[in-house]
2 protein chains.
Amino acid sequence: MSETRRLQVLRAIVEDFVQTREPVGSRALVERHNLEVSPATIRNDMAQLEAEGLIAAPHTSAGRIPTDQGYRLFVDRISDVRPLSRAERRAMDVLLENADDHDAMLEQTVRLLAMLTNQVAVLQHPQQSQARIRHLEVLQMSAHRALVVVILSSGKVEQRMITLPEPVDEDALHTVGMRLLVSLANRSASAVPLPVEDLLETVSPDMRPAAALVVHSVESILESGRVDRIIMAGTANLARSGGDFGPAIGPILEALEEQVVLLRLLTEMREDQRGLAVLIGREHQDDSLLETSVVAAEYGPRHGGEGAKLGVVGPTRMDYTTSMSAVRAMARYLSRILSDD
Amino acid sequence: MSETRRLQVLRAIVEDFVQTREPVGSRALVERHNLEVSPATIRNDMAQLEAEGLIAAPHTSAGRIPTDQGYRLFVDRISDVRPLSRAERRAMDVLLENADDHDAMLEQTVRLLAMLTNQVAVLQHPQQSQARIRHLEVLQMSAHRALVVVILSSGKVEQRMITLPEPVDEDALHTVGMRLLVSLANRSASAVPLPVEDLLETVSPDMRPAAALVVHSVESILESGRVDRIIMAGTANLARSGGDFGPAIGPILEALEEQVVLLRLLTEMREDQRGLAVLIGREHQDDSLLETSVVAAEYGPRHGGEGAKLGVVGPTRMDYTTSMSAVRAMARYLSRILSDD
DNA sequence: CTTGGCACTTGTGCTCGGCGAGTGCTAACC
DNA sequence: GGTTAGCACTCGCCGAGCACAAGTGCCAAG
C-alpha cells in the first residue's frame, strides 16, 4: 500500500468533491482518474486515509469527503500553484488600466479577483501608518463649516469636516492651514498625539480655536490610517455556488458586512514560504464563518512590509488551486503597480 | 358589502401576510383583526377582491395573498407613513455624529437605514454636476508620477494619478497647478470639454505636456460627477428574511452588485405627493429583480434638486409602512445635514 | 347584506417498502 | 505483502398511499 498512491487518492477525492459537491466513492474514483487499480484497492487506501483523519464518510454507506485536515494536506503538499493564463493576465491589464484613482483601482482589483475565482474577494486597505503628510488644505465651506483635506505621501487623500465655533475669515483660515502645514509636513501616524500646544503658538491668538480643530482632524486622519477597512466584491458568488452553504448564507453575509471578524482573521494569518496564507474551516474559531476557508496573500509596495492583505473567502470545499493561483497573482500584480508610485 | 370594509380586509391581508409569510384565510382574519363579522362575510369580500385582481389564491384551498396591484393599492391609499420613534431618531443622531468625512457619513446613513428596515438599503451618491472646482493641487509622487487632487464646492475630494512622459521639477509642477487653478476655479461639469488650448497658453511651453495631462484629469473628474455610484448595506438581510426569496437570492445579489439595473430604476422612479417613490414587483421590467420592490426618496441640499435618491430594496412582501417611514425620515434627515454645509 | 352549514378541493406530513450506491470483510491470488 | 473478486450489510433517497387540516364556494335561512 504505497504512500504516494494514497496521496494520489486524496488528491482525487478533493478534486472530485470540489467539482461535484457529492461524496465520492471508490468506483467513481478509479473511473474518473485512471488509476490502474481496482475499487477494492482504493477502498483499502480510503480506510487508511480515514484512520488518519484526512477523509470522512457522512453516512455509513456514502462516499467519502475530505476533512479539514484533508484539505490542509492537499493545500500544503499536493496542490500546485499555477501561473495565470494569458487571457487572465490580459483581463488584469484591461480592467486596471481604466481605473481612475487609487480607490477605484483597488475596487477593480477586488472585482477581478472575485470573477477569476468565483468567490467572494476581499481586500484590506493598505496601511497608511508610515505614510507622511504631504499636503494640508483648509477650505471654508460655509460660515460655520470648513473642510480639512490632507494628502498623504501614499497618494491617499483624506478629508474631515469641522464645525467652527464662530465665523472666521476665509483667508485667515487658509493662512492657518499653511502655517500648520509647515510644522506638520512629513509627520506620520507615529507622531500622534501631536504637540497641540506648540503648534498653536505658530498661529495668531484669535485663530487658535479654529486651528485646534484643524489639528485634531489631522490627528484623526493619521489615526485612521491604523484602522483597516475592507472592500469586497462577489458576494453573489456565495449564493450562486449552488447553495453550498444552504441557509447558512445569512450569518456569513453578516460576518462579511461586519468586517471585524474578517479583519482579525486576515491580520492573524501567516504566509507560508509560497507567500500564501490559507485558513481552512475550523482552523479559525469563528462560529459565524463555519464551513468557510480563506485564502490570502500580502501585498504592498515594500516587500513583506505593512501586512495589508487581499484574498478570497469561500466554502471549505472550494477550488484551492485556482484560488491560490489567482490570489497570489493579484497580490504580485498589485504590489508591482503600487511600487511604481 | 361595504367598500370601506373591503379595503379594511385588504389591509388586514397585507399586514398578516407580510408578518407570517403564509396565505391568510378568512377565519384567521376575523380572529386576528377584530372585525365584527363572520368568516363567511369575509369570504364574500375576498371573492370580490379577487375579482378586482387585488388578491389571489395560490391554490384552490389555500388562503389569499396580495397581488402586486393589491400592494399598490395598499401603498397608495391605505398605509400611513408614521414618524420615527424617539429611539430611532436618537440612533440617527448617535450614528451620524461620529462620521468622519463626507463618504463615511453617507455610509453610516445607509447602514442605519438597513438596520431600521431590515432590508437592503441603497444610496445614490449625490450628483456633483453643479459642484464647482474649489481647489486644485498637483503633487509629485515619484519621478514619473504625479497626483492631481481636486476639491469640489460640495466638499467632495477627487483625485487622479497621472504618469508624466518625462521627469519634471516639483516646483514647476506646483506652479502649473496654481496657474491652472486660477483659470479653472468655479468651473463645473457643464464646462466640459475644457478649452485646453487656451489653458495651456498660461503655462510655460516646456510644461505644456504635463499641464495637458492635468487638464485631462480635471475633465475626467468633472465628468465623473455625472456618473452615479451606489453604496449599499444590509445585503445579509436578503438571506436572513427567512428565505423569502429561496434560491433566487443569487440573481438579486448579482443585480445589486452590478448597480446598473438599480441605478436605472432609481432614476426612473417618480415620487408621489408624499415625497416617496414605490415600485412594486412586476411594475419594473427586470427579470433579475423579480419579486422585489423598491422604496425610495430623493434627498439633497436643494429641495427637489438633483435627484439623488436613497431607499431600500426588498421582497414584494415587505413591510411597506416601516420602509416608507424610514426612507422618508432618512431622506429628510440627510437633506438637512447636507444643507448645513 | 349577513350568517351558518356543508360538500369539495388540495397541500402537507407520515409511514412503508424497494432500490441503488457504497462499504467492510474474507478468502483467494500474484 | 499488496491486490483483487465476491458478498453480505447498511443507509439514504424516492415514490406511493393515506389521513388530516385548512380553506373555499355555494346555498338557504335570518
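Residues numbered from 1 in each chain as written. Chains lettered and ligands numbered in written order. Predicted model: local features only at pLDDT ≥ 70, side-chain atom pairs only at ≥ 80, totals over all residues.

As annotated in an unreviewed UniProt entry, chain A carries the name Heat-inducible transcription repressor HrcA and is attributed to Nesterenkonia aerolata. On record in UniProt, under Function (unreviewed entry), the comment for chain A is "Negative regulator of class I heat shock genes (grpE-dnaK-dnaJ and groELS operons). Prevents heat-shock induction of these operons." (UniProt positions renumbered as here; feature names shortened; annotations may be inferred.)

Here we come to the relation of the copies chain B and chain A. Superposing chain B onto chain A requires a rotation of 180 degrees together with a translation of 0.0 Å along the rotation axis, leaving an RMSD of 0.1 Å. In symmetry terms, the pair is related by a two-fold rotation axis. Among all residues of chain B, the one whose C-alpha sits closest to the rotation axis is B:Val157, at a distance of 3.8 Å. An overlap of 94% is found between the interface residues of chain B and their copies at the interface of chain A, pointing to a shared contact surface. (Least-squares fit on C-alpha atoms with pLDDT ≥ 70 in both. Contact = placed C-beta atoms within 7 Å.)

A few words on the pairing of strand S6 (residues 157-163) of chain B. If a strand is regular, its side chains alternate between the two faces of the sheet. Residues and elements named next belong to chain B. Pairing geometry for strand S5 (residues 145-152) and S6, over 7 bridges, is antiparallel. Bridging from a neighbouring strand, alanine 146 pairs with isoleucine 162 of S6. In this structure, the hairpin formed by S5 and S6 is closed by a connection of 4 residues, where glycine 155 is found at a positive phi of approximately 95 degrees. (Pairing = 2+ DSSP bridges. Helix = DSSP H or I, 4+ residues; strand = E, 2+ residues; numbered from the N terminus.)

Take the packing of helix H1 (residues 3-20) of chain A against helix H4 (residues 68-78) of chain A next. Residues and elements named next belong to chain A. It is at 10 Å that the axes of H1 and H4 come closest, and there the two elements cross at 110 degrees. Judged by the angle between their axes, H1 and H4 are roughly perpendicular. Two packed elements cross with a definite hand, and for H1 against H4 that hand is left-handed. Each of Leu7, Leu10, Arg11 and Val14 in H1 lies in contact with H4, whose residues at this interface are Gly70, Tyr71, Leu73, Phe74 and Ile78. Looking at the contact of H1 with H4 residue by residue, the class counts come to 7 nonpolar, 1 polar and 1 charged. (Axes fitted to C-alpha atoms, helices over the stretch in contact; angles between N-to-C directions. Parallel < 35°, antiparallel > 145°, perpendicular 65-115°, else oblique. Left-handed = near helix turned anticlockwise from the far one by under 90°. Nonpolar A, V, L, I, M, F, W, Y, C, P; charged D, E, K, R; others polar.)

With 13 residues, helix H3 (residues 39-51) of chain A ought to run about 18 Å at 1.5 Å a step, and its terminal C-alpha atoms sit 18 Å apart, in line with that. Two residues or fewer past H3(A), A:Gly53 is found with a positive phi of approximately 80 degrees. (Expected span 1.5 Å × (residues − 1).)

Attention now goes to the environment of A:Leu238. All names here are of chain A. When you line up the elements, leucine 238 lands in helix H10 (residues 236-240). Residue leucine 238 is classed as buried on the basis of its C-beta count, with 26 C-beta atoms lying within 10 Å. Sequence separation between leucine 238 and leucine 253 is 15 residues, and the spatial gap between their C-alpha atoms is 8.5 Å. Discounting residues that sit within four places of it in the chain, leucine 238 has contacts with Val120, Phe245, Ile249, Ile252 and Leu253. (Buried ≥ 20, exposed ≤ 12 C-beta atoms within 10 Å, placed from the backbone.)

As a further point, take the protein's contact with DNA strand C. As a structural note, the neighbourhood of DNA strand C is formed by 23 residues, with A:Gly25, B:Val37, B:Thr41, B:Thr60 and B:Ser61 the closest of them. For the surface near DNA strand C, the elements supplying multiple residues, two or more each, are helix H2 (26-32) and H3 of chain A together with helix H3 (39-51) of chain B. Of all the elements, H3(A) adds the most residues to the surface near DNA strand C, at 4 residues. (Near = placed C-beta within 6 Å.)

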